[in-house]
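Geometric and topological summary
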Amino acid sequence: MAVSNKGYFLFFRGLLIFLVFVVIADLLLSQIPGTLSTYFEDHIPAITSGCIILLLFGIRVNYFSYEDEYEIIHIRSQSLIFGRFESMSQTRYEFPKRTVEHVEVRKLLFQRQLIIHLRTQQGEKKIRKFDLSFVPLKKLNYVFDSLQKIIHQNKAYSDTAL
């Protein structure tokens with residue numbers, strides 16, 4: 001089953017686009033000669049929109065998608081503000097299920113973070129961190145339970161292989 005917070009992400013993206021248009025419209029309307037520009041002299045809509053954009057920047061809204069079909073785990077994680085500027089290697093992660101060694105969810109003040117420890121062929125551990133702040137709790141529990149099941153299967157397989 002695929003899990004994502006696409007609805008929340010699209011809502012915040014639409015809000016961000018609307019706020020940018022408000023800033024641009026305020027700046028353009030304040031330049032029009034006549035009485036209409038007097039309403040926009042103080043740039044209240046632009047300042048308010050700018051503050052909300054800074055708030056969105058501060059809370060770090062992220063898109064998160066998880067899929068564990070077959071033998072590969074696919075995870076996409078993209079920032080709302082900087083998403084278009086990140087390369088594909090920073091937003092898409094694919095790794096075999098057999099490399100997952102440990103999983104934890106850290107809860108910080110208003111943030112939830114998924115940390116996945118991977119085992120490579122050289123024996124090194126790679127750690128992948130994903131921001132799950134805007135993933136609904138029901139979907140987050142599914143992701144965590146799915147990863148725990150994968151870890152249990154990996155341990156059972158490694159015990160029988162020895």
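Each remark here, short or long, concerns the structure printed above.
Residues numbered from 1 in each chain as written. Predicted model: local features only at pLDDT ≥ 70, side-chain atom pairs only at ≥ 80, totals over all residues. Heavy atoms only, no water.

Here the focus is a nonpolar patch on the surface. Together, Ile-17, Val-20, Phe-21, Ile-24 and Leu-28 make up an exposed nonpolar region whose accessible area comes to about 480 Å². Secondary-structure assignment places Ile-24 in helix 1 (residues 6-29). For Ile-24, a relative accessible area of 41% translates into the label partly exposed. (Patch = residues over 30% accessible without salt bridge, like charges linked within 9 Å, V, L, I, M, F, W, Y side chains within 5 Å. Areas by Shrake-Rupley, 256 points an atom, 1.4 Å probe, with all protein chains shown as cover. Salt bridge = Lys/Arg side-chain N within 4 Å of Asp/Glu carboxyl O. Helix = DSSP H or I, 4+ residues; strand = E, 2+ residues; numbered from the N terminus. Buried < 20%, exposed > 50% of the residue type's maximum accessible area, 1.4 Å probe, protein only.)

Right, let's talk about helix 2 (residues 44-59) for a bit. Taking 1.5 Å as the rise per residue, helix 2 with 16 residues should run 22 Å; its terminal C-alpha atoms sit 23 Å apart, in good agreement. Of all the residues in helix 2, the buried ones are Ala-46, Ser-49 and Leu-56. Viewed along the axis of helix 2, the buried residues span an arc of 80 degrees, placing them on a single side of the element. In helix 2, the exposed positions angled more than 90 degrees off the buried face are occupied by Ile-44, Ile-47, Leu-54, Leu-55 and Gly-58. In this fold, the buried residues of helix 2 make contact with helix 1. Note on helix 2: the residue one or two positions beyond its end, Arg-60, has a positive phi of about 55 degrees. (Expected span 1.5 Å × (residues − 1). Arc of directions from axis to C-beta. Contact = heavy atoms within 4.5 Å.)

Take the packing of aromatic side chains next. Applying the stated rule across the entire model yields five aromatic pairs. Their ring planes at 55 degrees and their centres at 5.5 Å tell us that Phe-9 and Tyr-63 sit as a pair that is tilted. Here the residue Phe-9 occupies a position in helix 1, and Tyr-63 occupies one in strand 2 (residues 62-67), the gap between them amounting to 54 residues. Note on accessibility: Phe-9 and Tyr-63 belong to one class, buried. Consider the rings of Phe-12 and Phe-134, whose centres lie 5.3 Å apart with planes at 70 degrees: the pair is edge-to-face. Taken together, the residues span a long stretch of sequence, with Phe-12 in helix 1 and Phe-134 in the loop between strand 7 (125-131) and helix 4 (137-161) at a distance of 122 residues. (Phe/Tyr/Trp six-rings, centres within 6.5 Å; stacked < 30°, edge-to-face > 60°.)

For the rest of this paragraph, the subject is the nonpolar core. Core analysis: the largest hydrophobic core is formed by 20 residues, its most contacted members being Phe-64, Tyr-66, Ile-75, Val-100, Leu-114, Ile-116 and Leu-147. For this core, the secondary structure elements donating two or more residues are strand 2, strand 3 (72-79), strand 4 (92-96), strand 5 (100-107), strand 6 (112-119) and helix 4. For this core, the element with the most residues is helix 4, which contributes five residues. Among all residues touching Leu-147, those that are not within four sequence positions of it are Tyr-66, Ile-73, Val-103, Leu-114 and Ile-116. In this structure, Phe-12, Leu-16, Tyr-63 and Leu-80 belong to the second largest nonpolar core, which totals eight residues. (Core = buried A, V, L, I, M, F, W, Y, C linked by side-chain atoms within 4.5 Å.)

With a phi close to 55 degrees, His-43 is a non-glycine residue in the positive phi region. On the accessibility criterion, His-43 (24% relative accessible area) is partly exposed. Phi is positive for Tyr-70, which is not a glycine, with a value near 55 degrees. Among the structural elements, Tyr-70 can be located in the loop between strand 2 and strand 3. Since its relative accessible area comes to 73%, Tyr-70 is described here as exposed.

Purely geometric stuff here, so don't read any function into it on its own.
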